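Okay, here's what each chain looks like letter by letter:
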Amino acid sequence: MHKLTSSLNLQSANLQYFRSKILAWNRENNDRKMPWKGEKDPYKIWLSEIILQQTRVAQGLKYYNDFILNYPTISDLANAPDDEVFKKWEGLGYYNRCRNMIFTARYIRDELNCIFPITYDDILNLKGVGEYTAAAIASFAYNLPYAVVDGNVVRVISRFLALDKQLVTASDKRLYQEIANSFLSKQKAGEYNQAIMDFGATVCMPQNPTCGICPIKRKCKAYALDGIEKYPPKKKKLKLKKRTFHYVILQVGKSIYVRQRNAKDIWQSLYEPILIEQSSVPDWLKKHKAVSKKSQKLSHQQLDIRFYILNTPSEVPIDIDSYSKVSRKQLAQKAYPKSVYDFLQEFKYLELAKD
DNA sequence: AAAGCGGGGTT
DNA sequence: AACCCAGCTTT
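Residues numbered from 1 in each chain as written. Chains lettered and ligands numbered in written order. Predicted model: local features only at pLDDT ≥ 70, side-chain atom pairs only at ≥ 80, totals over all residues. Heavy atoms only, no water.

A. Spotlight on the domain arrangement of chain A. Once the domains are mapped, chain A shows domain 1 (3-146 + 182-202) and domain 2 (241-352). In this structure, domain 1 and domain 2 have C-alpha centres spaced 36 Å apart. Each partner contributes to the interface: domain 1 provides 8 residues, whereas domain 2 provides 13 residues. Between domain 1 and domain 2 the total buried area reaches about 890 Å² when both faces are included, carbon and sulfur atoms providing 50% of it. Across the contact surface, domain 1 and domain 2 share 1 salt bridge. Where Asp 83 meets Lys 334, a salt bridge forms, and the shortest distance between an N and an O atom there is 3.7 Å. (Domains from an automatic or database assignment. Contact = heavy atoms within 4.5 Å. Buried area = accessible area lost by both parts, 1.4 Å probe. Salt bridge = Lys/Arg side-chain N within 4 Å of Asp/Glu carboxyl O.)

B. Empty space enclosed by the protein, seen in detail. On inspection of all chains with the given rule, the structure shows 1 cavity of 30 Å³ or more. As a volume, the largest cavity reaches approximately 90 Å³. The element that contributes the greatest number of residues to the lining of the largest cavity is helix H10 (residues 151-161), accounting for 3 residues. (1 Å grid on protein atoms, 1.4 Å probe; cavity = no way out; pocket = protein on both sides within 12 Å on 5 of 7 lines; lining within 4 Å. Points joined across faces, edges and corners; volume = space filled by probe spheres on them. Helix = DSSP H or I, 4+ residues; strand = E, 2+ residues; numbered from the N terminus.)

C. How the structure looks around the pairing of strand E6 (residues 301-310). When you tally the buried positions in E6, you get 7 out of 10 residues, the bulk of the element. In this structure, strand E1 (residues 241-252) lies alongside E6, joined through 10 bridges in parallel fashion. Across the sheet, residue Lys 241 finds its bridge partner in E6, namely Gln 301. Bridge analysis of strand E5 (residues 292-297) against E6 gives 6 bridges, and the strand direction is antiparallel. Opposite Ser 292, over in E6, you have Phe 307 as the bridge partner. (Buried < 20%, exposed > 50% of the residue type's maximum accessible area, 1.4 Å probe, protein only. Pairing = 2+ DSSP bridges.)

D. Expanded view of the pattern of salt bridges. Applying the stated criterion across every chain yields a total of 16 salt bridges. With a shortest N-O distance of 2.7 Å, Asp 82 and Arg 106 are connected by a salt bridge. Of this pair, Asp 82 sits in helix H6 (residues 82-89) while Arg 106 sits in helix H7 (residues 96-111), and the two are 24 residues apart along the sequence. The class of Asp 82 is partly exposed, set by a relative accessible area of 37%. Residue Arg 106 is classed as partly exposed on the basis of its relative accessible area of 23%. Salt bridges sharing partners connect three or more residues here, namely Arg 243, Arg 259, Arg 261, Asp 265, Glu 272 and Glu 277.

E. Structural view of the side chain of Asn 193. By the secondary structure assignment, Asn 193 is in helix H12 (residues 189-202). A distance of 2.8 Å separates a polar side-chain atom of Asn 193 from the backbone oxygen of Tyr 146. (Polar contact = N/O pair within 3.5 Å; in protein donor to acceptor, adjacent residues only side chain to side chain.)

F. Inspection of H7 at higher detail. Compared with the 22 Å implied by 1.5 Å per residue over 16 residues, the 22 Å span of H7 between its first and last C-alpha is a close match. Every buried residue of H7 is accounted for by Arg 97, Cys 98, Met 101, Ile 102, Thr 104, Ala 105 and Ile 108. Seen from one end, H7 has its buried residues packed into an arc of 165°, which puts them on one side. Of the exposed residues in H7, the ones pointing more than 90 degrees away from its buried face are Asp 110 and Glu 111. Of the residues trailing H7, Asn 113 is marked for its positive phi of about 55°. (Expected span 1.5 Å × (residues − 1). Arc of directions from axis to C-beta.)

The following block contains the structure:
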């Protein structure tokens, strides 16, 4: 190939070594089992990949099983009400994924007659599907020769080549994609992509990789340099924005007031009680004691959350037109941020009142 | 190019 | 407390 290949010393002998060792490891030593493995239905592959974006397999597993059970085909998912789908996604995080998933299911139902796209470019055009996910679906479902570049692949390549780069800029992305393409087995694209990700997850792990049993350590440059832990370089940690939420549970009879979050902010599409966001306690709330306090750390924000229970609307001197009174039965069917869900659960708001 | 977007497991 | 996970979209 060209400059890139030679500067990184990617001779075909090394490419072949890497490729064949990874495939052999996969056949002989990879006992990782996941329900979507070997799956050929592009709908199920797509669903698993959306759920697994920035999410550990162990965490996504039960969500995948639940979605497949309730929505066995893409039309089942497309026909489901938004709130019902979000309730199943609740707790998984990055809720834009869920919104895009619903949009794409309906797009495929309405525009593609429920037929999942079959080319890489058409798959890539789906909302919520980027290069990684498109390559995963194209290779797993159709064995098309597109190399996946996810966190596992970046780590394995960075170490094998002692490549001192994170995946930050578009240039980094092109570099890793090109290297991954050259390593890819074009004939066994699906098998190879699955293999390298399993390898990264179970052998070449982020911390304490098991180099002793690694099938490619003989040519691994980071291993030779005794610098496995230096590759890939650490991401710079962003400092957390601090926010304080005062949630007022305004009870009227068996109902409380909630609304759906629609602003361009965290937790879009999820429901919440009456929110006052300010660092200090509002004067009118000072005579009430917070019945619960929670601290929640997001990837980019540190939330200090306090809950108050009030019983009459006149005690709440703010505009609550955007909220509606919702019964216990209806509350149980909506999706909430983790901290709000935990509160509602602890204080029995999600149980049906039996009287 | 950089920022925004969750929640959890592991060490 | 640090690190990072089968990343994508918007600004």
